[in-house]
Amino acid sequence: MKRRLLIIVLSVCLLPFGMQAQQAMFRFAQLTDLHLSPGNPNPTEDLLRSVAQINATDSIDFVLVTGDITEEGDRATMEKVKSCLDLLKVKYYVVSGNHETKWSDSGCTAFGEIFGDERFGFEHKGFLFLGFNSGPLMRMAYGHVVPQDIRWMTERMARGGKGQPVILVTHYPMREGDVDNWYEVTDAVRPYNVRLFIGGHYHADKNLRYDGIPGILMRSNLRDKEGKPGYGIYEVCKDSIKIYTQRIGEPAKKWAAFSLAESYYDRNGKAEKYPDFSVNK
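If you're wondering where the values come from, they're calculated on a predicted model, not measured in any experiment.

How each quantity is defined
- Residues numbered from 1 in each chain as written.
- Predicted model: local features only at pLDDT ≥ 70, side-chain atom pairs only at ≥ 80, totals over all residues.
- Heavy atoms only, no water.
- Helix = DSSP H or I, 4+ residues; strand = E, 2+ residues; numbered from the N terminus.
- Buried < 20%, exposed > 50% of the residue type's maximum accessible area, 1.4 Å probe, protein only.
- Contact = heavy atoms within 4.5 Å.
- Areas by Shrake-Rupley, 256 points an atom, 1.4 Å probe, with all protein chains shown as cover.
- Axes fitted to C-alpha atoms, helices over the stretch in contact; angles between N-to-C directions.
- Parallel < 35°, antiparallel > 145°, perpendicular 65-115°, else oblique.
- Left-handed = near helix turned anticlockwise from the far one by under 90°.

(A) Broad picture of the overall build of the chain. Looking only at helices and strands, the chain has six helices and 12 strands in total. In the chain, which comprises 281 residues, the proportion classed as buried is 54%. Long-range contacts, defined here as pairs at least 24 residues apart, represent 69% of the contacts in the chain between residues at least 6 apart. Element-wise, carbon and sulfur atoms account for 52% of the exposed surface of the chain, whose accessible area totals about 13,000 Å².

In C-alpha coordinates form, the structure reads like this:
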(Lines give C-alpha, C1' and ligand atoms only; values in the text may rest on other atoms or scores of the structure.)
Protein backbone atom coordinates (compact mmCIF):
# COMPACT_ATOMS: atom_id res chain seq x y z
CA MET A 1 0.00 0.00 0.00
CA LYS A 2 2.80 2.42 0.90
CA ARG A 3 4.58 1.66 -2.38
CA ARG A 4 1.39 2.30 -4.37
CA LEU A 5 0.86 5.62 -2.55
CA LEU A 6 4.46 6.69 -3.29
CA ILE A 7 3.98 5.96 -6.99
CA ILE A 8 0.78 8.05 -7.05
CA VAL A 9 2.51 10.97 -5.27
CA LEU A 10 5.46 10.87 -7.65
CA SER A 11 3.14 10.72 -10.66
CA VAL A 12 1.25 13.83 -9.54
CA CYS A 13 4.46 15.73 -8.75
CA LEU A 14 6.08 14.85 -12.06
CA LEU A 15 2.99 15.46 -14.19
CA PRO A 16 3.99 19.06 -15.09
CA PHE A 17 7.24 17.77 -16.56
CA GLY A 18 5.42 15.19 -18.64
CA MET A 19 3.18 17.94 -20.05
CA GLN A 20 6.18 20.18 -20.84
CA ALA A 21 8.17 17.40 -22.51
CA GLN A 22 6.49 18.10 -25.84
CA GLN A 23 7.88 21.66 -25.81
CA ALA A 24 11.43 20.91 -24.63
CA MET A 25 14.18 19.66 -26.93
CA PHE A 26 15.69 17.79 -23.99
CA ARG A 27 16.03 17.80 -20.20
CA PHE A 28 18.78 16.74 -17.87
CA ALA A 29 19.27 16.57 -14.11
CA GLN A 30 22.04 17.83 -11.84
CA LEU A 31 23.17 16.23 -8.60
CA THR A 32 25.74 18.09 -6.53
CA ASP A 33 27.40 18.15 -3.11
CA LEU A 34 26.39 14.63 -2.12
CA HIS A 35 28.95 14.43 0.73
CA LEU A 36 28.66 10.70 1.32
CA SER A 37 30.45 9.70 4.51
CA PRO A 38 31.25 6.32 6.10
CA GLY A 39 30.01 7.53 9.47
CA ASN A 40 26.69 9.03 8.35
CA PRO A 41 24.03 7.01 6.49
CA ASN A 42 21.82 10.04 5.70
CA PRO A 43 23.69 11.33 2.61
CA THR A 44 23.60 7.84 1.05
CA GLU A 45 19.86 7.62 1.70
CA ASP A 46 19.38 11.11 0.23
CA LEU A 47 21.26 10.13 -2.92
CA LEU A 48 19.33 6.90 -3.37
CA ARG A 49 16.01 8.73 -2.99
CA SER A 50 17.07 11.23 -5.65
CA VAL A 51 18.24 8.47 -7.99
CA ALA A 52 14.90 6.71 -7.59
CA GLN A 53 12.93 9.86 -8.39
CA ILE A 54 15.10 10.67 -11.42
CA ASN A 55 14.50 7.14 -12.67
CA ALA A 56 10.76 7.71 -12.23
CA THR A 57 10.85 10.96 -14.23
CA ASP A 58 10.13 10.82 -17.95
CA SER A 59 12.43 12.52 -20.46
CA ILE A 60 15.59 12.94 -18.38
CA ASP A 61 18.30 12.35 -20.98
CA PHE A 62 21.33 12.32 -18.65
CA VAL A 63 22.60 13.46 -15.24
CA LEU A 64 25.48 15.83 -14.40
CA VAL A 65 27.16 15.30 -11.01
CA THR A 66 29.08 18.42 -10.03
CA GLY A 67 31.51 17.59 -7.26
CA ASP A 68 31.90 17.06 -3.53
CA ILE A 69 30.49 13.59 -3.97
CA THR A 70 32.17 12.54 -0.70
CA GLU A 71 33.01 14.15 2.62
CA GLU A 72 36.57 12.80 3.00
CA GLY A 73 37.53 11.94 -0.59
CA ASP A 74 38.51 8.37 0.32
CA ARG A 75 38.49 5.61 -2.28
CA ALA A 76 35.92 3.41 -0.51
CA THR A 77 33.35 6.19 -0.33
CA MET A 78 33.90 7.22 -3.96
CA GLU A 79 33.30 3.59 -4.94
CA LYS A 80 30.09 3.70 -2.87
CA VAL A 81 28.98 6.83 -4.73
CA LYS A 82 29.61 5.10 -8.05
CA SER A 83 27.56 2.08 -7.01
CA CYS A 84 24.64 4.42 -6.20
CA LEU A 85 24.97 6.42 -9.42
CA ASP A 86 25.18 3.20 -11.42
CA LEU A 87 21.52 2.64 -10.45
CA LEU A 88 20.52 5.53 -12.72
CA LYS A 89 18.72 4.41 -15.88
CA VAL A 90 20.40 7.17 -17.91
CA LYS A 91 24.05 8.02 -18.41
CA TYR A 92 25.75 10.25 -15.87
CA TYR A 93 28.88 12.44 -15.99
CA VAL A 94 30.94 13.41 -12.93
CA VAL A 95 33.45 16.13 -12.06
CA SER A 96 35.30 16.31 -8.76
CA GLY A 97 35.01 18.94 -6.04
CA ASN A 98 37.39 20.23 -3.39
CA HIS A 99 36.57 17.22 -1.18
CA GLU A 100 37.94 14.89 -3.85
CA THR A 101 41.13 16.84 -4.61
CA LYS A 102 43.86 18.07 -2.27
CA TRP A 103 41.29 18.19 0.54
CA SER A 104 41.23 14.39 0.51
CA ASP A 105 43.46 11.52 1.52
CA SER A 106 43.58 10.29 -2.07
CA GLY A 107 44.87 13.57 -3.54
CA CYS A 108 42.53 13.06 -6.50
CA THR A 109 44.41 9.98 -7.69
CA ALA A 110 41.46 7.64 -7.08
CA PHE A 111 38.79 9.77 -8.76
CA GLY A 112 39.98 9.21 -12.33
CA GLU A 113 40.50 5.51 -11.72
CA ILE A 114 36.99 5.02 -10.34
CA PHE A 115 35.04 7.24 -12.75
CA GLY A 116 37.21 6.75 -15.82
CA ASP A 117 38.51 10.31 -16.19
CA GLU A 118 38.83 13.62 -14.36
CA ARG A 119 36.88 15.52 -17.04
CA PHE A 120 34.23 14.82 -19.63
CA GLY A 121 33.08 16.12 -22.99
CA PHE A 122 30.09 15.11 -25.08
CA GLU A 123 27.58 16.51 -27.56
CA HIS A 124 23.82 16.22 -27.15
CA LYS A 125 21.32 17.49 -29.69
CA GLY A 126 23.69 20.19 -30.93
CA PHE A 127 24.96 21.29 -27.50
CA LEU A 128 28.50 20.69 -26.32
CA PHE A 129 28.94 19.80 -22.63
CA LEU A 130 32.42 20.09 -21.09
CA GLY A 131 33.16 19.20 -17.46
CA PHE A 132 36.53 19.78 -15.79
CA ASN A 133 38.23 19.94 -12.42
CA SER A 134 38.34 23.26 -10.57
CA GLY A 135 39.64 21.99 -7.24
CA PRO A 136 42.42 23.57 -5.14
CA LEU A 137 46.11 22.82 -5.65
CA MET A 138 46.62 22.52 -1.89
CA ARG A 139 44.38 22.03 1.11
CA MET A 140 42.15 25.02 1.94
CA ALA A 141 43.45 27.05 -1.03
CA TYR A 142 41.26 28.68 -3.66
CA GLY A 143 40.07 26.57 -6.55
CA HIS A 144 42.23 26.48 -9.66
CA VAL A 145 41.86 25.37 -13.29
CA VAL A 146 45.09 23.98 -14.70
CA PRO A 147 46.40 25.13 -18.11
CA GLN A 148 45.92 21.65 -19.57
CA ASP A 149 42.17 21.82 -18.90
CA ILE A 150 41.86 25.32 -20.31
CA ARG A 151 43.65 24.21 -23.46
CA TRP A 152 41.48 21.06 -23.67
CA MET A 153 38.32 23.16 -23.37
CA THR A 154 39.22 25.63 -26.06
CA GLU A 155 40.35 22.89 -28.44
CA ARG A 156 37.05 21.04 -27.99
CA MET A 157 35.02 24.21 -28.52
CA ALA A 158 37.03 25.15 -31.60
CA ARG A 159 36.08 21.86 -33.26
CA GLY A 160 32.40 22.76 -33.17
CA GLY A 161 32.93 26.34 -34.31
CA LYS A 162 32.07 29.55 -32.50
CA GLY A 163 28.35 29.14 -33.15
CA GLN A 164 27.87 25.84 -31.29
CA PRO A 165 26.11 26.35 -27.93
CA VAL A 166 28.30 25.25 -25.02
CA ILE A 167 27.50 24.40 -21.39
CA LEU A 168 30.49 24.24 -19.03
CA VAL A 169 30.37 22.13 -15.88
CA THR A 170 32.51 22.70 -12.78
CA HIS A 171 32.23 22.45 -9.01
CA TYR A 172 33.41 25.95 -8.08
CA PRO A 173 31.89 29.16 -9.44
CA MET A 174 34.29 30.97 -11.79
CA ARG A 175 34.68 34.18 -9.83
CA GLU A 176 37.11 36.06 -7.59
CA GLY A 177 37.39 34.54 -4.12
CA ASP A 178 36.49 31.06 -5.35
CA VAL A 179 38.92 30.25 -8.18
CA ASP A 180 42.29 32.02 -8.20
CA ASN A 181 42.56 32.09 -12.01
CA TRP A 182 38.89 32.55 -12.90
CA TYR A 183 39.83 35.31 -15.36
CA GLU A 184 41.98 32.91 -17.39
CA VAL A 185 38.97 30.65 -17.79
CA THR A 186 36.47 33.35 -18.71
CA ASP A 187 38.91 35.02 -21.13
CA ALA A 188 39.62 31.67 -22.80
CA VAL A 189 35.99 30.62 -23.29
CA ARG A 190 34.25 33.94 -24.03
CA PRO A 191 34.98 33.93 -27.80
CA TYR A 192 32.73 30.86 -28.02
CA ASN A 193 28.97 30.51 -27.65
CA VAL A 194 28.93 29.68 -23.92
CA ARG A 195 25.32 29.62 -22.77
CA LEU A 196 25.83 28.55 -19.18
CA PHE A 197 28.23 27.47 -16.44
CA ILE A 198 26.76 24.85 -14.09
CA GLY A 199 28.20 24.12 -10.63
CA GLY A 200 27.60 23.60 -6.93
CA HIS A 201 29.84 24.20 -3.86
CA TYR A 202 27.57 26.66 -2.04
CA HIS A 203 24.74 24.21 -1.27
CA ALA A 204 22.20 26.79 -2.45
CA ASP A 205 20.46 27.92 -5.64
CA LYS A 206 22.35 30.92 -7.04
CA ASN A 207 22.01 32.83 -10.32
CA LEU A 208 25.42 34.42 -10.96
CA ARG A 209 27.52 36.00 -13.71
CA TYR A 210 31.15 35.13 -14.40
CA ASP A 211 32.46 38.20 -16.23
CA GLY A 212 29.02 38.39 -17.80
CA ILE A 213 28.65 34.69 -18.61
CA PRO A 214 25.58 33.18 -16.87
CA GLY A 215 26.43 30.80 -14.02
CA ILE A 216 24.06 28.56 -12.07
CA LEU A 217 24.85 26.96 -8.72
CA MET A 218 22.44 24.27 -7.55
CA ARG A 219 21.43 23.29 -4.03
CA SER A 220 23.08 20.32 -2.35
CA ASN A 221 21.45 16.92 -2.64
CA LEU A 222 21.60 16.67 1.17
CA ARG A 223 18.27 16.90 2.95
CA ASP A 224 17.24 20.42 3.89
CA LYS A 225 15.75 21.67 7.16
CA GLU A 226 12.46 20.02 6.23
CA GLY A 227 14.16 16.70 5.61
CA LYS A 228 13.88 16.85 1.80
CA PRO A 229 16.80 15.97 -0.50
CA GLY A 230 16.81 17.79 -3.83
CA TYR A 231 18.50 18.28 -7.16
CA GLY A 232 18.24 20.37 -10.32
CA ILE A 233 16.44 19.86 -13.61
CA TYR A 234 17.32 21.81 -16.75
CA GLU A 235 14.82 22.10 -19.58
CA VAL A 236 16.42 23.10 -22.88
CA CYS A 237 13.89 24.53 -25.34
CA LYS A 238 14.43 26.00 -28.79
CA ASP A 239 14.76 29.54 -27.44
CA SER A 240 15.68 29.17 -23.77
CA ILE A 241 17.04 27.13 -20.87
CA LYS A 242 14.78 26.84 -17.82
CA ILE A 243 16.14 25.80 -14.42
CA TYR A 244 14.14 24.00 -11.74
CA THR A 245 14.81 22.75 -8.23
CA GLN A 246 13.26 19.36 -7.61
CA ARG A 247 12.65 18.35 -4.01
CA ILE A 248 11.72 14.75 -3.36
CA GLY A 249 7.98 14.13 -3.63
CA GLU A 250 7.11 17.73 -4.58
CA PRO A 251 6.41 19.62 -7.82
CA ALA A 252 9.55 21.09 -9.38
CA LYS A 253 10.02 24.83 -8.84
CA LYS A 254 11.36 27.01 -11.64
CA TRP A 255 13.68 29.76 -10.39
CA ALA A 256 15.81 30.85 -13.35
CA ALA A 257 15.77 30.98 -17.16
CA PHE A 258 18.13 32.15 -19.90
CA SER A 259 17.55 33.05 -23.52
CA LEU A 260 19.39 31.06 -26.18
CA ALA A 261 19.09 33.97 -28.59
CA GLU A 262 20.25 36.83 -26.37
CA SER A 263 23.95 37.63 -25.93
CA TYR A 264 24.82 38.06 -22.25
CA TYR A 265 28.45 39.07 -22.63
CA ASP A 266 30.91 40.64 -25.07
CA ARG A 267 32.56 37.76 -26.91
CA ASN A 268 35.41 40.07 -27.93
CA GLY A 269 35.92 41.49 -24.45
CA LYS A 270 38.03 40.60 -21.43
CA ALA A 271 37.46 39.85 -17.77
CA GLU A 272 35.90 42.74 -15.87
CA LYS A 273 38.58 42.65 -13.18
CA TYR A 274 42.04 41.14 -12.79
CA PRO A 275 44.03 40.42 -9.60
CA ASP A 276 46.53 43.04 -8.48
CA PHE A 277 49.96 41.69 -9.34
CA SER A 278 51.84 44.85 -8.31
CA VAL A 279 53.43 43.06 -5.36
CA ASN A 280 55.51 41.08 -7.87
CA LYS A 281 57.42 44.26 -8.73
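(B) Expanded view of the packing of helix α2 (residues 42-55) against helix α3 (residues 75-85). Their axes nearest at 10 Å, the elements α2 and α3 cross at an angle of 25°. With respect to each other, α2 and α3 are oriented roughly parallel. Taken as a pair, α2 and α3 cross one another with a handedness that is right-handed. Judged by residue contacts, Thr 44, Leu 47, Leu 48 and Val 51 of α2 engage Lys 80, Cys 84 and Leu 85 from α3.

(C) Summary view of the side chain of Thr 170. Structurally, the position occupied by Thr 170 is in the loop between β6 (165-169) and α6 (182-189). Residue Thr 170 is classed as buried on the basis of its relative accessible area, which comes to 1%. Excluding its chain neighbours within four sequence positions, the residues that come into contact with Thr 170 are Thr 66, Val 95, Phe 132, Ser 134, Phe 197, Ile 198, Gly 199 and Gly 200.

Keep in mind that these numbers describe shape and distance, not what the molecule does.
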